[in-house]
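Letter by letter, the chains look like this.
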Amino acid sequence: MNARKLLSVVSLLMMGAILMSACAQAATPAPARQDALAREAAPPAAAPTMAAAQPAPTSAPAAPSASGDKTAPGAINASPFRQTRMIIKNGEMSLMVADPDRAIDLVTGIAVNSGGYIVSAKTWLQDGFKYAQMTMGVPVDQFESVQRQLRALAVQVLSDTASGQDVSDEYVDLQSRLTNLEATAARIREFLKDAKNVDEALQVNAKLSDVENEIEQIKGRMQYLKDRSAFSTIVVNLEQQRPTPTPTPTPTPTPTPTPVYWMPEKTISQAGDTLGGILRALGDLSIWLAVVVLPIALPVVAIVAIVRYFLRRAKKPMARSEVLPQGGTTLEVGSEKPGA
């Protein structure tokens, strides 16, 4: 077998492996994918060593049982859907807490008690207030339970976001590709044994290296998906609660006296307005007297005049006679004397 035929056969084998992978991806039924996923995507039996190296604070609240005890109070049970699916979950929370130092200890305790671990943590001061950011990895079946416990630590939950990505189909596809590529690599190794010279061996070995490199990439991706779906990431931002400011009374500003200037035109205008008001009042009074008082007063005045006239007539003295001693002339009292 010459080198050209050998390379042609190897190329055909690689193309056949790729086509078989595509056909297996399209033809694999859903139950088969779920069974393969249940075998490959089982969560690790123990938490990473980083979690074991961090002690849980004594003040941390008790986390729900990691064994999935449905009778535990407040426990959030894993969904049956999780057993056949690979879900990558991520969450981020911003919490306002009264004591950041105590909250950091409690967050660490929640992560460790749930079977997880702290990935990173940092604290800093800003404007005299303490802030902290903690990133934790927790088992995917404890994701919701840990979120609920973290919310209970806050005086106020400033923000809370969660996201999930289903990578089950991608994992099954990678598994099919890996099977086909491993079979192709085994055939190429058989051809490598039949190489007649060094040149043929080098060419076949180059093809084998390409296939093995792709196999390692697929294995790395599959391992990444398994790890990320087994442990979810939660980023917790802690912010110290600020005291409520006491309002200070605002002093009442003292009014500045406005300087008074003499303005004759304003005085004339005010005087004209006053005179007009007086004239209008006198005119109104005259109308009231003419319309209301005069018709009533005229009869009263006439009656009073008539009464006075008759009274004066009644009081006028009657004429009486008076005898004078000289000459015996009789005079009427009240009449003029003769010759007077």
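These figures come from a predicted structure and were not determined experimentally.

Participant: Looking at this structure, I do not really get the overall build of the protein. What am I missing?
Facilitator: Along its length, the protein carries 8 helices and 7 strands. Of all 340 residues assigned to the protein, the portion counted as buried reaches 28%. Put simply, of all contacts in the protein between residues at least 6 apart along the chain, 78% involve residues at least 24 apart. Accessible surface, the protein: about 22700 Å² in total, of which carbon and sulfur atoms supply 60%.

Participant: Which parts of the structure should I look at to understand the sheet that holds strand S5 (residues 231-240)?
Facilitator: In a beta sheet, neighbouring strands are held together by backbone hydrogen bonds and run either parallel or antiparallel to one another. The strand order across the open sheet formed by 5 strands is S2-S3-S5-S1-S4, and the pairing between neighbours is mixed. On the outer flanks of this sheet lie strand S2 (117-126) and strand S4 (156-166), each paired with one strand and no other. Mean inter-strand twist for the sheet, computed between neighbouring axes without regard to direction, equals 10 degrees. Pairing between strand S1 (residues 87-97) and S4: 10 bridges, direction antiparallel. Opposite Leu 95, over in S4, you have Val 157 as the bridge partner. Contacting S1, S2, strand S3 (129-139) and S5, helix H4 (residues 100-113) crosses the sheet at an angle of about 5 degrees to S3.

Participant: Can you walk me through the confidence of the model for the protein in this structure?
Facilitator: Atom-level detail of predicted coordinates should not be read off regions where pLDDT is low. Overall, the prediction assigns the protein a mean pLDDT of 75, with 67% of residues at 70 or greater. Taken together, the stretch residues 318-324 has pLDDT below 50 and engages in 16 contacts with residues farther than four places along the chain or on a different chain. Predicted confidence is poor over residues 328-340, with pLDDT under 50, and the contacts of this stretch with residues over four places away or in other chains come to 18 contacts.

Participant: In this structure, what is going on with the environment of Val 167? I would like to understand it.
Facilitator: Mapped onto the fold, Val 167 is located in the loop between S4 and helix H6 (168-193). C-alpha separation for the pair Val 167 and Ile 87, spaced 80 residues apart in sequence, amounts to 6.2 Å. Once residues within four sequence positions are removed from consideration, Val 167 is found in contact with Met 86, Ile 88 and Leu 225.

Participant: Before we go on, may I ask you to explain the pattern of salt bridges in this structure?
Facilitator: Oppositely charged side chains may form a pair once their charged atoms are brought near each other. Under the counting rule described, the total for this entry stands at 8 salt bridges. Among the salt bridges present, the one from Glu 212 reaches Arg 189, with a minimum N-O distance of 2.9 Å. Of this pair, Glu 212 sits in helix H7 (residues 198-230) while Arg 189 sits in helix H6; the two residues are 23 residues apart in sequence, bridging distant segments of the chain. Here Glu 190 and Lys 193 are joined by a salt bridge, their closest N and O atoms 4.0 Å apart. Here Glu 190 pairs with Lys 193, and both are found in helix H6, just 3 residues apart, close to one helical turn.

Participant: Even after reading the chapter, I still don't get the packing of H6 against H7, so can you show me in this structure?
Facilitator: Packed helices, taken two at a time, are described by the angle between their axes plus the distance between the axes. Packing of H6 against H7 brings their axes to within 9 Å, and their N-to-C directions diverge by 160 degrees. Considered as vectors, H6 and H7 are oriented roughly antiparallel to each other. The interaxial crossing formed by H6 with H7 has left-handed handedness. In terms of residue class, the contact of H6 with H7 is made up of 16 nonpolar, 2 polar and 10 charged.

Participant: In this structure, what is going on with the nonpolar core? I would like to understand it.
Facilitator: Soluble globular proteins: nonpolar side chains tend toward being buried together. One finds Leu 95, Met 136, Val 146, Leu 150, Ile 234, Val 236 and Leu 238 to be the most contacted residues of the largest nonpolar core, which totals 22 residues. Counting only elements with at least two residues in this core, the list comes to S1, H4, S3, helix H5 (143-152) and S5. Beyond its immediate stretch of four places on either side in the chain, Ile 234 contacts Gly 91, Met 134, Thr 135, Met 136, Val 138, Phe 143, Val 146, Gln 147 and Leu 150. Listed in part, the 17 residues of the second largest apolar core include Val 167, Ala 185, Ile 188 and Leu 208.

Participant: Is there a simple way to explain the environment of Thr 184 in this structure?
Facilitator: Counting through the fold element by element, Thr 184 comes out in helix H6. It is 9.6 Å that separates the C-alpha atoms of Thr 184 and Glu 212, two residues lying 28 residues apart in sequence.

Participant: Just to check I follow, could you spell out unusual backbone geometry for this structure?
Facilitator: The general pattern is negative phi for most residues beyond glycine and trans for most peptide bonds. Backbone geometry at Asp 127 places phi at a positive 60 degrees, although glycine is not the residue there. As for its placement among the helices and strands, Asp 127 is situated in the loop between S2 and S3.

Criteria and cut-off values
Residues numbered from 1 in each chain as written. Predicted model: local features only at pLDDT ≥ 70, side-chain atom pairs only at ≥ 80, totals over all residues. Heavy atoms only, no water. Helix = DSSP H or I, 4+ residues; strand = E, 2+ residues; numbered from the N terminus. Buried < 20%, exposed > 50% of the residue type's maximum accessible area, 1.4 Å probe, protein only. Contact = heavy atoms within 4.5 Å. Areas by Shrake-Rupley, 256 points an atom, 1.4 Å probe, with all protein chains shown as cover. Pairing = 2+ DSSP bridges. Axes fitted to C-alpha atoms, helices over the stretch in contact; angles between N-to-C directions. pLDDT = per-residue confidence, 0-100. Salt bridge = Lys/Arg side-chain N within 4 Å of Asp/Glu carboxyl O. Parallel < 35°, antiparallel > 145°, perpendicular 65-115°, else oblique. Left-handed = near helix turned anticlockwise from the far one by under 90°. Nonpolar A, V, L, I, M, F, W, Y, C, P; charged D, E, K, R; others polar. Core = buried A, V, L, I, M, F, W, Y, C linked by side-chain atoms within 4.5 Å.

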